[in-house]
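# Overview (structure and organization)
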Amino acid sequence: MATKHFKSLVLYTGLIGGMLISMFPFYWLIVMSTRTTSDIYKFPPQLWFGGELWNNITRVLQQIDFWGAFLNTLFVSGLVTILVLFFDSLAGFAFAKFEFPGKKWLFILLLATMMVPSQLSLVPSFVLMATFGWVGSFKALIIPGMVNAFGIFWIRQYATESIPNDLLDAGRIDGCNFFRLYWNVALPILRPAFAFLGAFTFIGVWNDYLWPLIVLTDERKYTLQIALSQLNGLYNTDYAMVIAGTLLAVIPLIVMFLFISRQFISDIAAGAVKD
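Residues numbered from 1 in each chain as written. Predicted model: local features only at pLDDT ≥ 70, side-chain atom pairs only at ≥ 80, totals over all residues. Heavy atoms only, no water.

## Side note on the overall build of the protein
Quick reminder of the rule: Secondary structure elements follow DSSP: runs of H or I no shorter than four residues count as helices, runs of E no shorter than two count as strands, and numbering proceeds from the N terminus. Our radius of gyration looks at C-alpha atoms and nothing else; its globule reference is 2.2 Å times the residue count to the power 0.38. Remark: exposure states derive from per-residue accessible area (1.4 Å probe, protein chains only) relative to the maximum for the residue type, with buried under 20%, exposed over 50%, and partly exposed in between. Contacts are assigned to residue pairs that have any heavy atoms within 4.5 Å of one another. Accessible surface area values rest on a Shrake-Rupley calculation with a 1.4 Å probe, where residue burial reflects the displayed protein chains alone.
Summing up its helical and strand segments, the protein has 14 helices and zero strands in all. Scanning the protein from its N terminus toward the C terminus, one meets helices and strands in the order α-α-α-α-α-α-α-α-α-α-α-α-α-α. The C-alpha radius of gyration computed for the protein amounts to 23 Å, which surpasses the reference 19 Å derived for 275 residues by more than 25%, pointing to a less compact arrangement than a globule. Looking at the protein residue by residue over its 275 residues, the buried ones come to 35%. A separation threshold of at least 6 residues defines the contact pool for the protein, and within that pool the share at least 24 residues apart is 74%. Total accessible area on the protein stands at roughly 16900 Å², and carbon and sulfur atoms take up 70% of it.

## A few points about the environment of Gln 63
Its place among the elements puts Gln 63 in helix H3 (residues 53-63). Along the backbone, Gln 63 and Ile 30 are 33 residues apart, and their C-alpha atoms lie at a distance of 20 Å. Contact partners of Gln 63, with chain neighbours within four places excluded, come to Leu 231 and Met 241.

## Quick look at a nonpolar patch on the surface
Quick note on the threshold: Residues enter patches when they are more than 30% accessible in relative terms and free of salt bridges; like-charged ones are connected within 9 Å and nonpolar ones (Val, Leu, Ile, Met, Phe, Trp, Tyr) within 5 Å. The salt bridge definition used is simple: a Lys or Arg side-chain nitrogen within 4 Å of an Asp or Glu carboxyl oxygen.
A contiguous nonpolar surface patch, about 750 Å² in accessible area, is contributed by Leu 11, Tyr 12, Leu 15, Ile 16, Met 19, Leu 20 and Met 23. Mapped onto the fold, Leu 20 is located in helix H1 (residues 2-33).

## Examining the pattern of salt bridges
Within the structure shown, the criterion is met by three salt bridges. A salt bridge links Glu 99 to Lys 103; the shortest N-O distance between them is 3.4 Å. In this structure Glu 99 comes out as exposed when scored by relative accessible area, which is 72%. Take Lys 103: its relative accessible area is 14%, and that puts it in the buried class. Between Arg 220 and Asp 218 there is a salt bridge, with its nearest N and O atoms 2.9 Å apart.

## Observations concerning the packing of helix H4 (residues 66-97) against helix H8 (residues 149-162)
Put simply, the rule reads: As a rule, the C-alpha atoms of each element are fitted with a line to give its axis, helices using only the stretch in contact, and angles between N-to-C directions run from 0 to 180 degrees. To sort the angles, those under 35 degrees are grouped as roughly parallel, those over 145 as roughly antiparallel, those from 65 to 115 as roughly perpendicular, and the leftovers as oblique. The hand of a helix crossing depends on one turn: near helix anticlockwise from the far one by less than a right angle means left-handed, and clockwise means right-handed. Here the term charged refers only to Asp, Glu, Lys and Arg, the term nonpolar to Ala, Val, Leu, Ile, Met, Phe, Trp, Tyr, Cys and Pro, and the term polar to all other amino acids, Gly among them.
With their axes 7 Å apart at the nearest point, H4 and H8 run at an angle of 45 degrees to one another. Considering the angle they form, H4 stands oblique to H8. Remark: the crossing between H4 and H8 carries right-handed chirality. Across the interface between the two elements, Asp 88, Ser 89, Ala 91, Gly 92, Phe 93, Phe 95, Ala 96 and Lys 97 of H4 pack against Gly 151, Ile 152, Ile 155, Arg 156, Ala 159 and Thr 160 of H8. The residue makeup of the contact of H4 with H8, split by class, is seven nonpolar, four polar and three charged.

## Here's the deal with the environment of Trp 54
With respect to the secondary-structure elements, Trp 54 resides in helix H3. Relative accessible area serves as the criterion here: at 66%, Trp 54 is assigned to the exposed category. Linking Trp 54 and Thr 34, residues 20 residues apart in sequence, is a C-alpha distance of 7.8 Å.

## Section: the packing of aromatic side chains
The condition is simple: Between the rings of Phe, Tyr and Trp (Trp by its six-membered ring), a pair exists once the centres lie within 6.5 Å; its type follows the angle of the planes, with under 30 degrees stacked, over 60 edge-to-face, and the other angles tilted.
Inspection of every chain in the model, using the stated rule, returns 25 aromatic pairs. Between Phe 86 and Tyr 182, the aromatic rings sit 6.3 Å apart at their centres with planes inclined by 80 degrees, giving edge-to-face as the arrangement. A residue pair is termed long-range when its members are at least 10 positions apart, and Phe 86 in helix H4 and Tyr 182 in helix H10 (residues 178-189) qualify at 96 residues. On the basis of relative accessibility, which here comes to 30%, the residue Phe 86 falls in the partly exposed class. On the basis of relative accessible area, Tyr 182 is assigned to the buried category, the value being 1%. Plain terms: the ring middles of Phe 93 and Phe 98 are 5.3 Å apart, the flat faces sit at 80 degrees to each other, and that makes the pair edge-to-face. The exposure class of Phe 93 is buried, given its relative accessible area of 0%. Residue classification places Phe 98 among the buried residues on the basis of a relative accessible area of 18%. In this structure an aromatic cluster arises from ring pairing among Phe 86, Phe 87, Phe 93, Phe 98, Phe 178, Phe 179, Tyr 182 and Trp 183.

## As for the side chain of Asn 56
To keep it simple, the criterion reads: Nitrogen and oxygen atoms within 3.5 Å of one another constitute a polar contact, given that in protein one can donate a hydrogen and the other can accept it, and given that sequence-neighbouring residues count only through two side-chain atoms.
Looking at where Asn 56 falls in the secondary structure, it is placed in helix H3. Assessed through its relative accessible area of 1%, Asn 56 is described here as buried. From its side chain, Asn 56 meets the backbone oxygen of Arg 35 in a polar contact 3.0 Å long. Apart from residues no more than four positions distant in its own chain, Asn 56 is found in contact with Ser 33, Thr 34, Arg 35, Ala 240, Met 241 and Ala 244.

Here is the structure:
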């Protein structure tokens, strides 16, 4: 009995320690956003909150069009996430539960594309966007990102294990075509997979810097990461202001993640109860 309690104590101590270590960078981000740049260079480091948060945020809003970039990023991230969830789930569901010519080789090709570094596709992607005349528009951000190999692979793996074939057969007997099977049978079961893929996609698009930097030419269409990069001075950088801007950009992701993770856990728990 004592051994069991000791193991539980070690386990919970390790979990609490891991949680504190994981949360420290975010705590440090908040602390530094309330300080001045000179405080950031002090040793020993300042580990408690200062009184410069509002001043730093005010200077961020004066230096860049933060709210315009915020709305641009929200629009692009939200639309890309919706499109990825729709198209990747359709493809993943088809790979998991349907047979069609070339299925095996198409899936191998899909996995192969995941092994190619994204940086290698920057030049051909830019040439393609220039050919279409999309450079400088949101279409260059949204359309290339509306399908990705990882999302298809993830949905395929989840659907293979979670959607019973008997349930699909029952739907076919009732006269359901592919789309009705997808919409009425697969989607309710795939909700936990959607929660993860949605959060993963949204955060990835929200934090993307390199591709928007290449294809966006109009400052009015800049995303948040490009706008924040303008806070870096040519000869001197006010790091307290930069960190305050970073904090403003991170807060929506934290709120979204808390909501999605709660939904994800509730869906997993509901599935466990049904099982």
